[in-house]
Amino acid sequence: MFADRAKIYIRSGKGGDGHVSFRRELYVPCGGPDGGDGGRGGNIIFEVDEGLNTLSDFRHIHKYTAQDGEPGGKRRCHGKDGSDLIIKVPEGTVLKDFESGKVIADMSGENRREVILKGGRGGQGNMNFATPTMQAPKYAQPGQPAQELWVQMELKVIADVGLVGFPNVGKSTLLSRVSNARPKIANYHFTTLNPHLGVVDIDGGKGFVMADIPGLIEGASEGIGLGHDFLRHIERTRVLVHVVDAASTEGRDPIADIKAINKELEAYNPDLIKRPQIIAANKIDAIYEDGESPIDKLKAEFEPQGIKVYPISAVSGQGIKELLYAVYDLLKTVNLSPLVFEKEFDLTSLSGVLLPYSVEVTEDGVYVVEGPRIEKMLGYTNLESEKGFSFFQKFLKDNGILEELENAGIEEGDTVRMYGLEFDYYK
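By the naming in an unreviewed UniProt entry, the protein chain is GTPase Obg, taken from Lacrimispora amygdalina. In its Cofactor (unreviewed entry) section, the UniProt record describing the protein chain reads: "Mg(2+)".

Next up, the structure:
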């Protein structure tokens, strides 16, 4: 089953915590701290797999988590790094942040492998925090937290030429005639529910890739009918071929059809209307001359706008060779390098570094809170001002320090000491 959209949850590995320990060996006086560093968490990596052409693998598995780093150990032992998780996707997959809709990465062109979420750095053990004034630090740095994200995956077909048109105008028949593709063909609307690709070979040329895009109805840009299922796959195409029923076998006006399609293209993405266009006036074998020729009407309407009209019959093959050479000549005038969507989502906003701290109770019942996180906060906070003291209280709460003091058994009226400053604890 063809699947071109999926929503998944991804999480990188958490960094392992640093270890707190002290070297205690016979005949080694003042061994000092020897707690080791934690290991790095695993990354989430997306990689293009040439053997995949749908996102069906993601229909049943929605959660992807990399391995956490292991904590450090005593005797300066470093924790083991977490294993990376590689997620394989088909070429043309666009990764978007589910909440904002911003592009995280486009797995197209030269972008074959990309680290999306980085694993958390391992925390430093207490051996790294020894100083002349703090020779026995009883705190270590916690591992950096994991990064997590809900990702919307969209597969956008990569083709040079896109066949667009209303249902039942002969797009699938044309593609099957000019390439090795075998789309489903029948005389009813919406035979094609998924895009089909075919390679078109030209005598004396290198050929191009053509896509039969699912049929369009008015209001598709607002999600009506196949809606965005149709429009999403046009975004990468370089040249658009409007296939219309020139014989009006179903009573449709081909001129009105082309205008309606261009209106939907512009409403969905204004850049689409700027792509080079050609009109394939199909079903000329079913035209019965009665008054002005529908081909002449199409040419009078669109050729002054620079859009050439080519009468064809996808069933008999009449006029198809001329159409293909016109498409090939038009492709030579545009840039054929893969269209890659620019990154919009800032992944650095997901990262954060946690500095360590420790909570201890002295023999005289004073609760001592110290460590680089506390020292850094006190360095830029003015406790003399009401606003600064309010920030100080919020910092203690948000960082879990108040909770840790309560777990240590603090009661109202007890003293808390932080680098020469003393406070009375009250809830």
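Undergrad: An account of the packing of helix 1 (residues 171-178) against helix 5 (residues 320-331) is requested, with residue identities and associated values reported.
TA: Their axes nearest at 12 Å, the elements helix 1 and helix 5 cross at an angle of 85°. Looking at the two axes, helix 1 sits roughly perpendicular to helix 5. Only Ile320, Leu323 and Leu324 of helix 5 make contact with helix 1, whose side of the interface consists of Leu174, Arg177 and Val178. In terms of residue class, the contact of helix 1 with helix 5 is built from 5 nonpolar, no polar and 1 charged.

Undergrad: How would you sum up the pairing of strand 5 (residues 93-97)? Please name residues and give values.
TA: Of all 5 residues in strand 5, 5 are buried; the element is thus mostly enclosed. Of the two faces of strand 5, the one lined by Thr93, Leu95 and Asp97 and the one lined by Val94 and Lys96 are each fully buried. Where strand 5 lies against strand 6 (residues 103-107), 4 bridges are found, and the strand directions are antiparallel. When the sheet's bridge partners are listed, Thr93 is paired in strand 6 with Met107. Where strand 5 hands over to strand 6, the hairpin turn is made up of 5 residues, of which Gly101 adopts a positive phi near 80°. Direction of pairing for strand 5 relative to strand 8 (residues 148-155): antiparallel, over a ladder of 5 bridges. When the sheet's bridge partners are listed, Asp97 is paired in strand 8 with Val151.

Criteria and cut-off values
Sequence order as written defines the numbering, with residues in each chain counted from 1. Only residues with pLDDT of 70 or above have their local features reported here, since the model is predicted, and side-chain atom pairs are shown and tallied only from 80 upward, although totals for entire chains, interfaces and linings are computed over all residues. Here the side-chain values reflect all heavy atoms present in the structure, with hydrogen atoms and water set aside. UniProt positions are given in the numbering used here, feature names are shortened, and annotations may be inferred rather than shown by experiment. The convention used is that axes are lines fitted to C-alpha atoms, helices contributing only their stretch in contact, and that angles between N-to-C directions extend from 0 to 180 degrees. Segments assigned H or I by DSSP are reported as helices when at least four residues long, segments assigned E as strands when at least two residues long, and all are numbered from the N terminus. In these notes the angle categories are as follows: under 35 degrees is roughly parallel, over 145 is roughly antiparallel, 65 to 115 is roughly perpendicular, and the rest is oblique. Should any heavy atoms of two residues lie within 4.5 Å, those residues are considered in contact. Amino acids are sorted into nonpolar (Ala, Val, Leu, Ile, Met, Phe, Trp, Tyr, Cys and Pro), charged (Asp, Glu, Lys and Arg) and polar (every other residue, Gly among them). Each residue gets one of three labels from its accessible area relative to the maximum for its type: buried under 20%, exposed over 50%, partly exposed in between, using a 1.4 Å probe on protein chains only. Note on pairing: DSSP must find at least two bridges between two strands before they are called paired.

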